[in-house]
2 protein chains.
Amino acid sequence: MSTNLPSEHPSEDHFEGLYVADLGEQQLLQRVQRFCPANLVGDDAAVLIPRAGYSLVVTADMLVDGVHFATGYAATGCVTTEQGATGQDTPGKCTTSPQDVGWRGTAANLSDLAAMGAQPLGITVSLGLPPTTPVQWLDELYEGITGCLSLYQAPILGGDLCRSPILTLSITALGEVLLGQQFLRSTAQVGDAIVVTGVHGASRAGLELLLNPEWGQDLSPQAQSLLKRAHQRPTPRLDVPPLLRQLDPTARITGMDSSDGLADAVLQICRASGVGARLNRDRLPIPEVLRATQSLSEQTLIHWVLYGGEDFELILCLPQPLAEALVSQLGQQAVIIGKIVTDPTVRLVDEGGQSLGAPLSLEQGFQHFS
Amino acid sequence: MSTNLPSEHPSEDHFEGLYVADLGEQQLLQRVQRFCPANLVGDDAAVLIPRAGYSLVVTADMLVDGVHFATGYAATGCVTTEQGATGQDTPGKCTTSPQDVGWRGTAANLSDLAAMGAQPLGITVSLGLPPTTPVQWLDELYEGITGCLSLYQAPILGGDLCRSPILTLSITALGEVLLGQQFLRSTAQVGDAIVVTGVHGASRAGLELLLNPEWGQDLSPQAQSLLKRAHQRPTPRLDVPPLLRQLDPTARITGMDSSDGLADAVLQICRASGVGARLNRDRLPIPEVLRATQSLSEQTLIHWVLYGGEDFELILCLPQPLAEALVSQLGQQAVIIGKIVTDPTVRLVDEGGQSLGAPLSLEQGFQHFS
């Protein structure tokens, strides 16, 4: 299976200046089908042949304008009463280009596949569109989606287009993992090392820069660009599962992605596994560019690292030797931040193992409905 | 795999009177996970083991409050400016119970699987919810979803819950079909008989009764109830593919479902196959209860039968002997309405083969974005 690349779909054509309402349904469908392999769309459903010896992995995510991103293209005034993804009011603020909406929506789903130890087979894309959506916006959304998918040779397997007062993107991703080798949340054991890939809090800082350009004045232009990119173009860690399986084809691997934050992932794993965790405060994966800034307090920095969310990295609980082997392979890209313990709380500790503050809790993270 | 039945989830509990905004995200997730098999949810993704010798079939549909159904629960005034699914203005009219929204959304997806000749493996359910949605509404939606799924022992494979100003239901269905035995749109051949299952126009008439209770006064209460049920609780024709394969395990079968109308399905098949069709006006599958009513003109009746949509039956192009064998098996449940011809138009004809009126066209059906 292959997918068309964005460069094959220049948006400088006769659809420029048109809105979704100007096109008939058939024209719209034909327009988005250009982004899908011809052998997979055009029927009531797509047909795939699963590989023998693999399990199928299925995950879904929905993103809503004004909640998870902000386009300014809502047909009604709905978005202006909504809160931004991190709890700030973002009336009318447009933080996300269509390419970024498509990329992030895709990356979020592929990140869930990575968290299961799987590799992507493809995604379905369902879209609710206000009639006032520019056709060019739609093209650019699909460019973002296929741009992210093309890194993994994964196609769009069809989907749906419908009218909606609010721009809504719903993706279901399919992946495959060798039979019985999926990573679960419920298999962490006391003594496991907790490995975190990448840095955390960068996406949250990038969002702050986008929402509030006065913030972060002491950050270099390069640092600002890096943080914004972390928010706009996250990379799912699909590189990590094959590496782990190369190091140990049959090890028990416990994992989650950090889409809802580092602390959330550790808490969810601990709850599902009936264990607790100690995280070393000094080993938290703070983005290098944020360590020196005067623009935020130590307390806010730690909060962003633990609860910021949307870094789309992996939080893994591994037997100590495998953890060390992984960190040695990934270098700067991974760190052992703590260990699984019997006591069912999750706590920050200092180098001496002394508890720092109250246990971490899910309530401190982002609540989608509050 | 098994799914819990609605009766195991009484909604008379301590959540009565509460709204989605009153529950934390974890509580909401736990609440809907009761409707999913425990071995499939609770991780970042669900894991299935596909059967050897089968292809995987994937389809997706999105339903939006005020466009595809009407709850009256929108957080904002968005729905009042929207048009109903059939083009009427339906400000504030509540035509769909939560159970029906769930049932119809599920049936629409399973119908796409039936149109491919597949059987369901399960669905993902993503929901955009206004914070003002009653928790009981959410429970009843899932009762409708699992009610429909339980007819086929298909489970919910997870999904997503998020906040949205407008109630949005996005379903992706997975199915399986024996390798190489899927039904396509592009394989109709000149001389094929066109078989239609069930009746058409019943869902459209049912919607009319729900939107406009003054209409259809001369229909008996039983007839009215039958038509409303056709709209609220359509049954996907998953019974037909196994029957066809029993009659002929390897025949070339061309098919689509009639979700967008009988005429739309014939037109789409003809376009994809590079052929045309002649449909016998006197064999159109008109619901018996509508034949005698004075409440609608002959012209409107034919329009509803051809373009009404949402009957979720199958339109099949089959070699004549297989068509006859199927109709003989299904009895009143299927009829040969015409044949595939070389001339690329789709026309109604009389018993003598004489054309009646202009060719049918997609433009006469429902346009989702107009």
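Predicted model only: the values in this text are computed from it and were never measured. (Residues numbered from 1 in each chain as written. Chains lettered and ligands numbered in written order. Predicted model: local features only at pLDDT ≥ 70, side-chain atom pairs only at ≥ 80, totals over all residues. Heavy atoms only, no water.)

Caption draft 1: How the structure looks around the overall build of chain A. In terms of helices and strands, chain A carries 10 helices and 11 strands. Per-residue burial over chain A gives 61% buried out of 370 residues. When the accessible surface of chain A is totalled, it reaches about 13,500 Å², and 51% of it is carbon and sulfur. (Helix = DSSP H or I, 4+ residues; strand = E, 2+ residues; numbered from the N terminus. Buried < 20%, exposed > 50% of the residue type's maximum accessible area, 1.4 Å probe, protein only. Areas by Shrake-Rupley, 256 points an atom, 1.4 Å probe, with all protein chains shown as cover.)

Caption draft 2: Summary view of the packing of helix α4 (residues 202-211) of chain A against helix α5 (residues 221-232) of chain A. All names here are of chain A. Following both chains from N to C, one finds α4 and α5 inclined at 105°, their axes separated by 7 Å at the closest point. Between α4 and α5, the angle falls in the class roughly perpendicular. In this structure, α4 uses A202, S203, A205, G206, L207, L209 and L210 to contact α5, whose residues at the interface are Q224, L227, K228, A230, H231 and Q232. Across the contact of α4 with α5, the residue classes break down as 7 nonpolar, 5 polar and 1 charged. (Axes fitted to C-alpha atoms, helices over the stretch in contact; angles between N-to-C directions. Parallel < 35°, antiparallel > 145°, perpendicular 65-115°, else oblique. Contact = heavy atoms within 4.5 Å. Nonpolar A, V, L, I, M, F, W, Y, C, P; charged D, E, K, R; others polar.)

Caption draft 3: A look at the sheet that holds strand β9 (residues 314-318) of chain A. All names here are of chain A. Across the sheet, which stays open at both edges, the 6 strands sit in the order β7-β9-β6-β10-β8-β11 with mixed pairing between neighbours. Edge positions in the sheet fall to β7 (254-257) and β11 (346-349), since each has one partner strand and no second. Averaged over all neighbouring strand pairs, the angle between strand axes comes to 25°, with direction disregarded. Sheet analysis places strand β6 (residues 193-197) next to strand β10 (residues 334-341), joined by 5 bridges and oriented antiparallel. The residue of β10 that forms the bridge with V195 is I336. Against the sheet, helix α2 (residues 98-115) engages β7 and β9, with an angle of about 175° to β7. (Pairing = 2+ DSSP bridges.)

Caption draft 4: Broad picture of the pattern of salt bridges. Residue and element names in this part refer to chain A. For the coordinates displayed, the defined rule picks out 28 salt bridges over all chains. Notably, a salt bridge pairs R51 with E176, separated by 2.4 Å at the nearest N-O pair. Pair noted here: R51 is in the loop between β1 (46-48) and β2 (54-64) and E176 is in strand β5 (residues 168-178), with a separation of 125 residues, a long-range link. Among the residues examined, R51 registers a relative accessible area of 46% and is labelled partly exposed. A salt bridge links E298 to R281; the shortest N-O distance between them is 2.0 Å. With E298 in helix α9 (residues 298-307) and R281 in the loop between β8 (276-280) and α8 (288-291), the pair connects residues that are 17 residues apart, well separated along the chain. Since its relative accessible area comes to 48%, E298 is described here as partly exposed. Taken together, the shared-partner salt bridges in this structure form one network comprising R31, R34 and D139. (Salt bridge = Lys/Arg side-chain N within 4 Å of Asp/Glu carboxyl O.)

Caption draft 5: Region of the structure containing the pairing of β10 of chain A. All names here are of chain A. Of all 8 residues that make up β10, 6 are buried, and the element is covered over most of its length. Of the pairings in the sheet, the one linking β8 to β10 comprises 4 bridges and is antiparallel in character. Paired with G276 across the two strands is V341, which belongs to β10.

Caption draft 6: Spatial organisation of the interface of chain B and chain A. Across the boundary between the two partners, chain B contributes 70 residues, which contact 70 residues of chain A. Applying the counting criterion to the chain B and chain A interface returns 2 salt bridges. With a shortest N-O distance of 3.9 Å, R185 of chain A and D43 of chain B are connected by a salt bridge. Considering each element in turn, the side of chain B that touches chain A owes the most residues, 10 residues, to strand β2 (residues 54-64) of chain B. Broken down by class, the residue content of the side of chain B that touches chain A amounts to 36 nonpolar, 23 polar and 11 charged. Examined bridge by bridge, β1 of chain A and β2 of chain B share 3 bridges and lie antiparallel to one another. From the neighbouring strand, V47 of chain A faces β2 of chain B, where its bridge partner is V57 of chain B.

Caption draft 7: Looking closely at the sheet that holds β1 of chain A. The 5 strands lie next to each other as β1(A)-β2(B)-β5(B)-β3(B)-β4(B), forming an open sheet whose pairing is mixed. Two strands close off the open sheet at either side, each with one partner strand: β1 of chain A together with β4 (156-163) of chain B. Ignoring which end each strand starts from, the neighbouring axes of this sheet average 20° apart. Here 9 bridges tie strand β3 (residues 119-129) of chain B to strand β5 (residues 168-178) of chain B, and the two strands are oriented antiparallel to one another. Counted as the bridge partner of G128 of chain B is T168 of chain B from β5 of chain B.

Caption draft 8: Local environment of the relation of the copies chain B and chain A. With an RMSD of 0.0 Å, the fit of chain B onto chain A corresponds to turning through 180° and sliding 0.0 Å along the axis. A rotation of that kind, with that shift, is consistent with a two-fold axis. The overlap is high: 100% of the interface residues of chain B also sit at the interface in chain A, so the same surface is used on both sides. (Least-squares fit on C-alpha atoms with pLDDT ≥ 70 in both.)

Caption draft 9: Up close: the nonpolar core. Ranked by internal contacts, the top residues of the largest apolar core, which has 61 residues, are L127, Y142 and L316 of chain B. Top element by residues in this core is helix α3 (residues 135-150) of chain B. It accounts for 8 residues. Those residues in contact with L316 of chain B, other than ones at most four positions away along the chain, are F183, A193, I194, V195, V240, L244, I253, T254, G255 and L326 of chain B. If you look at the next biggest cluster of nonpolar residues, it comprises 60 residues, including F69, M116, A251 and L316 of chain A. (Core = buried A, V, L, I, M, F, W, Y, C linked by side-chain atoms within 4.5 Å.)

Caption draft 10: Region of the structure containing the packing of aromatic side chains. Residues and elements named next belong to chain B. Inspection of the entire model under this criterion finds 4 aromatic pairs over all chains. Aromatic side chains F35 and Y142 sit 5.4 Å apart centroid to centroid with 25° between the ring planes, which places their arrangement in the stacked category. You can see F35 sitting in the loop between α1 (25-33) and β1 (46-48) and its partner Y142 sitting in helix α3, a full 107 residues away along the chain. (Phe/Tyr/Trp six-rings, centres within 6.5 Å; stacked < 30°, edge-to-face > 60°.)

Caption draft 11: Fine view of the side chain of T133 of chain B. With respect to the helices and strands, T133 of chain B occurs in the loop between β3 and α3. Each residue touching T133 of chain B, except ones within four places of it in the same chain, is listed here: Y19, V20 and L167 of chain B.

Caption draft 12: How the structure looks around unusual backbone geometry. Residues and elements named next belong to chain A. Phi at E310 takes a positive value of approximately 65°, unusual for a residue other than glycine. The residue E310 is located in the loop between α9 and β9 in this model. Of note in this structure, F312 is not a glycine but carries a positive phi near 50°. Relative to the assigned elements, F312 resides in the loop between α9 and β9.

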